[in-house]
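Per-entry structural report
Chain by chain, the residues run as shown.
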Amino acid sequence: MSKRFSPIAFSLCLALLGSTVSSITFGAEKEQPGNDVLAQQEAAIPTDIEVPEGLPLEELRRFSEVFESIKRAYVEPVSDKKLLEDAARGMLIGLDPHSSYLAQDDYSELQIQTAGEFGGVGIEVSQEDGVIRVITPMDGTPAMKAGIKPGDIIIKIDGEIIQSIGVDKAVSMMRGEPGSEIILTIGRDGKNVPFDVSLKRELISVSSISHRYLEQGLGYIRVSQFQHHSARDLKDALSQLQQDDALKGLVIDLRNNPGGLLSAAVDISDAFIDSGTIVSTKGREANSSVIYGATKALAIADIPIIVVINGGSASASEIVAGALQDTKRAIILGTTSFGKGSVQTVVALTGDRAIKLTTAKYYTPSGRSIQAQGIVPDIVVEQAHVEENSPHGFRVKEKDLAGHLENAEQETAKVASNHLLETDFQLHEAVNLLKGLTIYQSIK
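Residues numbered from 1 in each chain as written. Predicted model: local features only at pLDDT ≥ 70, side-chain atom pairs only at ≥ 80, totals over all residues. Heavy atoms only, no water.

**A closer look at the packing of aromatic side chains**
We apply this condition: Aromatic rings from Phe, Tyr and Trp, taking only the six-membered ring of Trp, are treated as a pair when their centres fall within 6.5 Å; an angle between ring planes under 30 degrees marks them as stacked, one over 60 as edge-to-face, and anything in between as tilted. In our convention, an over-ring charge means Lys NZ or Arg CZ found within 6 Å of a ring centre and within 35 degrees of that ring's normal.
Applying the stated criterion across every chain yields a total of zero aromatic pairs. One residue, lysine 191, lies across the ring of phenylalanine 195, its end atom 5.7 Å from the ring centre. The ring of tyrosine 363 has lysine 282 lying over it, and the distance from NZ or CZ to the ring centre is 4.9 Å.

**Some details on the side chain of serine 280**
The cut-off we apply is this: Only DSSP runs of H or I reaching four residues or more are called helices, and only runs of E reaching two or more are called strands; each is numbered from the N terminus. Contact criterion: two residues are considered in contact whenever any of their non-hydrogen atoms come within 4.5 Å of each other.
By secondary structure assignment, the location of serine 280 is in strand 16 (residues 277-283). Look past the residues within four positions of serine 280 in its chain and what remains in contact with it is Val290, Ile291, Lys361, Tyr362 and Tyr363.

**A short note on empty space enclosed by the protein**
So the rule is basically this: Grid points spaced at 1 Å and placed over the protein atoms alone form the basis of the search, with a cavity being a set where a 1.4 Å probe fits but cannot get out and a pocket an open set showing protein on both sides within 12 Å along at least five of seven lines. Lining residues have an atom within 4 Å of a point. Grid points are joined across faces, edges and corners, and a volume is the space filled by probe spheres set on the points. Classes in brief: Ala, Val, Leu, Ile, Met, Phe, Trp, Tyr, Cys and Pro nonpolar; Asp, Glu, Lys and Arg charged; the others, Gly included, polar.
A complete count under the given rule lists two cavities of 30 Å³ or more for this structure. Put simply, the second largest cavity is a space of about 50 Å³. What lines the second largest cavity is Phe118, Gly120, Val121, Gly122, Ile123, Met174 and Arg175. Classifying every residue of the lining of the second largest cavity by side-chain character gives four nonpolar, two polar and one charged.

**Considering the environment of valine 171**
Considering the arrangement of structural elements, one finds valine 171 in helix 6 (residues 167-174). Along the chain, valine 171 and valine 121 lie 50 residues apart, while their C-alpha atoms are 9.8 Å from each other. Setting aside residues no more than four positions away along its own chain, valine 171 makes contact with Glu109 and Val125.

**Examining unusual backbone geometry**
The condition that has to hold: Three exposure classes are used, based on accessible area relative to the maximum for each residue type with a 1.4 Å probe and protein chains only: buried under 20%, partly exposed in between, and exposed over 50%.
In this model, aspartate 129 sits at a positive phi of 55°, which is unusual for a non-glycine residue. Structurally, aspartate 129 is set in the loop between strand 6 (123-128) and strand 7 (131-137). Accessibility expressed as a relative area gives 80% for aspartate 129, which makes it exposed. With a phi angle near 55°, serine 315 is a residue other than glycine that sits in the positive phi range. Within the fold, serine 315 resides in the loop between strand 18 (305-309) and helix 9 (316-326).

In structure tokens form, the structure reads like this:
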């Protein structure tokens, strides 16, 4: 049995209920052939239209009434295009914090960001209860230099209140030409009054991988986010570390890493795991349920690994931490991660627009979902500031005595002071643990 429905409401329904097309999955890189999304309205709409059983007739009629009321009575004229785009945007904002409508500029910026270069201030944000909250400032960007911190709330951008505008709109407002200025009004725990931060946009060329030696034989790799070339850059970094010295242990720093492409997280995990499941995803559509397995090729020998995480470690970084934790390939140290256990697919629409839609949840190799829970470290270490407790008075040692005998076997080379370890307590503890593991491995 079919129902009758007004031509206006049905035409709006056609415009809003199109079929999906080509997609790029955020967190899982997928591409599919594209087709048209928005149903094209005929020049003449029939006056009597059959509506398939199951459509919410009353809700569609109410939508039509709202649409017509705005068109007729709003204080200023509003185009049909704007109203329909805003309606689509509202549908996605109402789903979850990570689904959103991408207008032409937003979609373009998203593509630039995954490529690793854009104009902006370098802040990763999320939306919580209508407010825009900082997940983390990116390394070396104007935001980090200006002291923006994870957990800060952005109240205004250039004096405009941004509550409930959506995370992608807020990001779009912060992006712009390098050299242009922007003022952010920040709310921060512990400060009673919001304060302004003036920033100058830069060309943000995000280098997702950096590396160095912390001490002899102990390597350090920082992964700031997961981009198309992150896995390739990781393998280059590991190759250089193994050429420079005999690599005995490795610290992987995923703190304040907001995530990125799942494909990059899978490839990076695969560099350390030679068998079994890395991550699995489950969604309503068949192509959303995938098991990503490890290959036998390893980029590094079976050396001790410590992964450091904190509350700013989200999404793809949690996939890596979860995979290495569940497979017993690494010890996880730090504080509980952000807890974003969902996968977003970017579905391309006509007119250079797209939607970012949550299509699946991901699960660690043991079947855990970390959604709203996060990865709990094996060893919990809060970030802290530690000062050396100098002994009272001056203690004389043998080397201080006049005429003491020299040790001919004493090494003349001294290890240079490592400022990073001196100022980063979590990293300092990770290195201490790594030293213990390398010593234990050498005497087994």
